[in-house]
Amino acid sequence: MSVQEELTTKPPKSKWLIPFPIVLVIAFSILSVLFFIPIPPFIQNKLGSAILNTGHIIFFCMFAIGFYRFTKGKNRTRIPRFLLIVFLLSVLVELLQSSVGRSFQWDDILRNILGTILGISVLLHFQRPHKPHWALRISLMIGISVAVVIERIPLFEKLMAM
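> Run through the side chain of histidine 56, naming residues and quoting values.
Here histidine 56 shows up in helix H3 (residues 46-67). Dropping the residues within four chain positions of it, histidine 56 is found in contact with Phe35, Glu94, Asp108, Arg111 and Asn112.

Okay, here's the thing in structure tokens:
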């Protein structure tokens, strides 16, 4: 076999030593440990609580941006399926948190879902544009952004009171 034939038969090498999905799983597994660490006393005030609650939205927005692309199907079936997975994962996390001295909070599950929808809307907005759906994508992104801002008004009030 000549060198030229060998070059054409070898598969191209990947840029990543570890496949990207595995990198995502490792990164989010490390970050998810933060959900199980008891809250330090200096954060156990209203401002610290509001900042931690914002972390739920940010974490699950990044989670959706990272993992939504690995679900299969059309968006009308992918989105509810992905939201169901996030809901079940959130319930599991909240149940496990009660074993480390933190309480089960439905508000956290709502923030997780809100962050997930924000992440999906950002992903959909930046996908290849489809002319018939541009208004839907922009309205979804604006709507969920307004919901996040409204949900985070207590944080803004606490920061302004400082």
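Resuming the write-up.
> Can you explain the packing of helix H4 (residues 75-97) against helix H5 (residues 106-126)? Please cite residues and give values.
Direction vectors running N to C along H4 and H5 enclose 150°, while the axes themselves pass 9 Å from each other. Here H4 and H5 pass one another in a crossing that is right-handed. Along the contact surface, H4 presents Asn75, Ile79, Phe82, Leu83, Val86, Phe87, Ser90, Val91, Glu94 and Gln97, while H5 presents Trp106, Asp108, Ile109, Asn112, Ile113, Thr116, Ile117, Ile120 and Leu124.

> Residue-level account of the nonpolar core, with values.
With 17 residues, the main nonpolar core has Phe28, Phe60, Phe63, Phe67, Phe82, Val86 and Ile120 as its most contacted residues. Those residues within four positions of isoleucine 120 in sequence are excluded, and the remaining contacts are Ala64, Tyr68, Ile79 and Phe82. Ile57, Leu118, Ile144 and Val148 belong to the second largest nonpolar core, which has six residues in total.

> Requested: an account of the confidence of the model for the chain, with residues and values cited.
Low-pLDDT stretches of the model should not have their predicted coordinates read in fine detail. Across the chain, pLDDT averages 78, with 83% of residues at or above 70. Highest mean pLDDT in the chain belongs to H4 (89); lowest belongs to helix H1 (residues 3-9) (52).

Thresholds applied
Per chain, the residues get numbers from 1 upward, laid out in the order the sequence is written. Residue-level local features of this predicted model are given only where pLDDT is at least 70; pairs of side-chain atoms are given and counted only at 80 or more, and the full residue set underlies all totals for whole chains, interfaces and linings. Only hydrogens and water are set aside; all other atoms, that is, all heavy atoms of the structure, feed into the side-chain values. Strands are runs of DSSP state E lasting at least two residues, helices are runs of H or I lasting at least four, and both sets are numbered from the N terminus onward. Contacts are residue-level and defined by heavy atoms, with any inter-residue pair within 4.5 Å sufficient. For helices, the fitted axis covers only the stretch in contact; all axes are lines through C-alpha atoms, and the angles between them, taken along N-to-C directions, range from 0 to 180 degrees. Left-handed is the label given to a crossing in which the near helix is rotated counterclockwise from the far helix by less than a right angle, and right-handed is the label when the rotation is clockwise. Here, nonpolar core means buried Ala, Val, Leu, Ile, Met, Phe, Trp, Tyr and Cys residues that are tied together by side-chain atoms lying within 4.5 Å of each other. Burial here depends on accessible area, computed with a 1.4 Å probe over protein chains only, as a share of the maximum for the residue type. Under 20% is buried, over 50% is exposed, and the range in between is partly exposed. Confidence per residue, as judged by the predictor, is encoded in pLDDT with a range of 0 to 100.

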